[in-house]
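Read off the chains here:
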Amino acid sequence: MAAGAAIATGARPMTRAARATRYALLAVSFAFLGLLLLAPLGAVLAQALAKGFGGWLASIAEPDTVAAIKLTLLTAAIVVPVNTVFGIAAAWAIARFEFRGKSLIVTLIDLPLAVSPVIAGLVLVFLFGAQGWFGGWLLDRDVQVLFAVPAIVLATIIISFPYVARELIPLMQQQGSDEEIAALSLGARPWTTFVRITLPKIRWGLLYGVILCNARVMGEFGAVSVVSGHIRGVTNTMPLQVEILYNEYDFVAAFAVASLLAMLAILTLIAKTLVEWRSQTVGS
Amino acid sequence: MARGRIVAPSPLPGFGLTLGFTTFFLSAVVLLPLAALVIRAFEIPPGELFGLLTDERALASYRLSFGAAALAAGINAVFGFIVAWSLVRYDFPGRRLLDAMIDLPFALPTAVSGIALATVFSPAGWLGGQLALAGVQVAYTRVGVVVALVLIGLPFVVRSVQPALIDVHRDLEDAAESLGAGGLQVFRRIILPTVLPALATGFTLAFARGIGEYGSIVFISGNLPFETEITPLLIVIRLEQYDYAGAAALGFFMLATSFLMLLAINAVQGWGQRRLGLVAGR
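Since this is a predicted model, take the numbers as computed values, not measurements. (Residues numbered from 1 in each chain as written. Chains lettered and ligands numbered in written order. Predicted model: local features only at pLDDT ≥ 70, side-chain atom pairs only at ≥ 80, totals over all residues.)

Draft legend 1. Structural view of the overall build of chain A. On a plain count of helices and strands, chain A comes out with 14 helices and 0 strands. Moving toward the C terminus, one meets the helices and strands of chain A in the order α-α-α-α-α-α-α-α-α-α-α-α-α-α. Overall size of chain A, expressed as C-alpha extent along the three principal axes, is 65 × 60 × 30 Å. Across the 284 residues of chain A, 45% fall into the buried class. Long-range contacts, defined here as pairs at least 24 residues apart, represent 75% of the contacts in chain A between residues at least 6 apart. (Helix = DSSP H or I, 4+ residues; strand = E, 2+ residues; numbered from the N terminus. Buried ≥ 20, exposed ≤ 12 C-beta atoms within 10 Å, placed from the backbone. Contact = placed C-beta atoms within 7 Å.)

Quick look at the structure:
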């Protein structure tokens, strides 16, 4: 639709003033985005490769960095499926039914996006820290939650669970449920209806939500930073490893890890663009 | 919904299961943790809580967090609008690529944006070196905080304004032009009124995100108490000092602010819908 508007502009004759405005505004846009988006991205790549490809590879292969990559992948492998199940369940309840308290539930789903990630870490300290609500109970049983993997997973869930739900709710509201009702009235079982009718209808929106959720999960810094304890090789995720290396002035290594995360971001944008393009051409 | 009923009747299955799971999940992941924070904050005697919230260092951090977020959202309102305009109204090589790039700040981990900006804008960096010659220091100053927040807030403004710009009635612009209106007049009388609600929404979203931002700021700001220390960082510092009461007080303050921002975002969107409804029904 943006392309249509732009083509319409191209079709109309432009006055000299309009052409001058066009060039001025395009120049401002390019300069602004160049400074803000391209310069930092270029800096990441340039710094990461400052000692050549060999230096980059050596930085990635450091045992602590490999451990950080593994922890980030483990976290994503737990958190993304959990958030996906939540997103589908929440969207089904909210988009398909009318009930009291719906707007409260929608607000609670929106809340993590409005709250500082630091708060998501802080609340876990008050729950699971030595002086927290469950701290004593956990201590008695010798279960480590804070400054360990469970707290990293929980903090990541808190800041990332809305993404799939927020993608699916408007989509499912707009699609309606006529096909599902038809299938059920013809005798299909609820689970069959969901797998055969609903899932194919929502698959692009679902994929889109999962991609966004995964990017946020793998890149989360503030929430995880509060609860991780920063134990090298044990509780450092990739973004935390970036921080440690950077603060130790090991810039090549810091930017090497950062370049992996930047590549993830670029892949996310490509996937997002493809999914958008796909869902527009297929037509939802 | 039918009056007096809690659930409207529906032939679809799975309501109890999905709503039950949703409610359980939200209770465990949002309500219980936030309750722990609020209760911890209210265990502090009121006088002491007030003292923690209005301590000089905390006040300085609010001024920076709110001031920089507002300034950055304002800068984004201007430049984000120009970018959205360029993407919607002009066709140029690389337009789709540029359009896709707008979401980079969403996708790029904040720690990566943080160290990248700190490197580019440090006095030894590409841009920082040029700016230092002109006597402007960005890294390790409040300017750096604003720069980081402009980056983080950009997609909120562009993605809010883009659909609104597409919806502007081109025939109205043509009519105004054919009646002799200048470009600026068309902008002020036709385009701006239609886009204003979306611009206000984008500004509020960027502002709300900016208040809570942490990762992209801590690398470029220098983190000097009273000078370049944002409120989320002060919470982290209080925690590291085992000052749980101080952290709880500031955390509670930021949580309350987030609620207010959510209300503000809803109010701005409601205002926009009513306003556009009036415009459409003219």
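Back to the write-up after that little detour.
Draft legend 2. Quick peek at the overall build of chain B. Along chain B, the regular secondary structure elements total 13 helices and 0 strands. Each helix and strand of chain B, ordered N terminal to C terminal, gives the series α-α-α-α-α-α-α-α-α-α-α-α-α. Across its three principal directions, the C-alpha atoms of chain B cover 70 × 70 × 35 Å. A sequence separation of at least 24 residues applies to 77% of the contacts in chain B between residues at least 6 apart.

Draft legend 3. Representation of the interface of chain B and chain A in the model. Opposite the 78 residues of chain B that make contact, chain A presents 83 residues. By residue number, the principal contributor to the side of chain B that touches chain A is helix 1 (residues 15–42) of chain B, which donates 14 residues. Tallied by class, residues from the side of chain B that touches chain A come to 59 nonpolar, 13 polar and 6 charged. (Nonpolar A, V, L, I, M, F, W, Y, C, P; charged D, E, K, R; others polar.)

Draft legend 4. Structural context of the domain arrangement of chain A. All names here are of chain A. As assigned here, chain A comprises domain 1 (13–48) and domain 2 (51–282). Look at where the C-alpha atoms of domain 1 and domain 2 centre, and you get two points 32 Å apart. Counting residues at the interface gives 5 residues for domain 1, matched by 8 residues for domain 2. Across the side of domain 1 that touches domain 2, the residue classes break down as 4 nonpolar, 1 polar and no charged. (Domains from an automatic or database assignment.)

Draft legend 5. Molecular detail of the nonpolar core. The biggest cluster of nonpolar side chains holds 168 residues, and the ones touching the most others in it are Leu-122, Ala-155 and Ala-258 of chain A. At 15 residues, the largest contribution of residues to this core is made by helix 8 (residues 142–167) of chain B. Counting contributing residues, this core receives three or more from each of domain 1 (13–48) and domain 2 (51–282) of chain A. Contacts of Ala-155 of chain A, omitting those with residues within four sequence positions, involve Ala-120, Gly-121, Leu-124, Ala-223, Val-224 and Val-227 of chain A. (Core = buried A, V, L, I, M, F, W, Y, C linked by C-beta atoms within 7 Å.)

Draft legend 6. Structural view of helix 11 (residues 190–219) of chain A. An ideal rise of 1.5 Å per residue puts 44 Å on 30 residues; helix 11 of chain A reaches only 37 Å between its terminal C-alpha atoms. The axis of helix 11 of chain A is deflected most strongly, by about 60°, at Arg-203 of chain A. (Expected span 1.5 Å × (residues − 1). Bend = angle between axes of the 7 residues up to and from the residue.)

Draft legend 7. The arrangement of unusual backbone geometry in detail. Residue and element names in this part refer to chain B. One non-glycine residue, Asn-223, adopts positive backbone phi at about 55°. In this fold, Asn-223 is placed in the loop between helix 11 (215–218) and helix 12 (231–240). On the neighbour-count criterion, Asn-223 (17 C-beta atoms within 10 Å) is partly exposed. Positive phi is not limited to glycine here, since Phe-226 has a value of about 70°. Structurally, the position occupied by Phe-226 is in the loop between helix 11 and helix 12.

Draft legend 8. Spatial organisation of helix 6 (residues 110–121) of chain B. In this model helix 6 of chain B runs 16 Å from its N-terminal to its C-terminal C-alpha over 12 residues, within 8% of the 16 Å that 1.5 Å per residue would give. Judged by how many residues are buried, helix 6 of chain B sits mostly within the fold: 12 of 12 residues are covered.

Draft legend 9. Local environment of the confidence of the model for chain A. Mean pLDDT over chain A stands at 91; residues scoring 70 or higher make up 94%. Taken together, the stretch residues 1–11 of chain A has pLDDT below 50 and engages in 18 contacts with residues farther than four places along the chain or on a different chain. (pLDDT = per-residue confidence, 0-100.)

Draft legend 10. Structural detail: the environment of Gly-114 of chain B. All names here are of chain B. Turning to its location among the elements, Gly-114 is positioned in helix 6. Gly-114 sits 13 residues away from Leu-127 along the chain, and the two C-alpha atoms are 15 Å apart. In this view, Gly-114 contacts Ala-148, Gly-215, Ser-216, Ile-217, Val-218, Phe-219 and Ile-220; residues no more than four positions away in its chain are not counted.

Draft legend 11. Just the environment of Trp-271 of chain B, in detail. Residue and element names in this part refer to chain B. As for its position among the elements, Trp-271 is in helix 13 (residues 244–280). Look at Trp-271 and you get partly exposed, because 14 C-beta atoms sit within 10 Å. The spacing of Trp-271 and Ala-200 is 71 residues in sequence and 9.8 Å in space, taken between C-alpha atoms.

Draft legend 12. The packing of helix 8 of chain B against helix 10 (residues 183–212) of chain B, seen in detail. Residues and elements named next belong to chain B. Direction vectors running N to C along helix 8 and helix 10 enclose 160°, while the axes themselves pass 8 Å from each other. Accordingly, the angle class assigned to the pair helix 8 and helix 10 is roughly antiparallel. When you trace helix 8 past helix 10, the crossing you get is right-handed. Only Thr-194, Val-195, Ala-198, Leu-199, Thr-201, Gly-202, Phe-203, Leu-205, Ala-206, Arg-209 and Gly-210 of helix 10 make contact with helix 8, whose side of the interface consists of Leu-149, Ile-152, Gly-153, Phe-156, Val-157, Ser-160, Val-161, Ala-164, Leu-165 and Asp-167. (Axes fitted to C-alpha atoms, helices over the stretch in contact; angles between N-to-C directions. Parallel < 35°, antiparallel > 145°, perpendicular 65-115°, else oblique. Left-handed = near helix turned anticlockwise from the far one by under 90°.)

Draft legend 13. Layout of the confidence of the model for chain B. Residue and element names in this part refer to chain B. The pLDDT averaged across chain B works out to 92; a share of 96% of its residues lies at or above 70. Confidence scores differ between elements of chain B, with helix 9 (residues 170–178) showing the lowest mean pLDDT of 86 and helix 3 (residues 56–89) the highest of 97. Overall fold confidence (pTM) sits at 0.92, and the ipTM for the predicted complex is 0.91.

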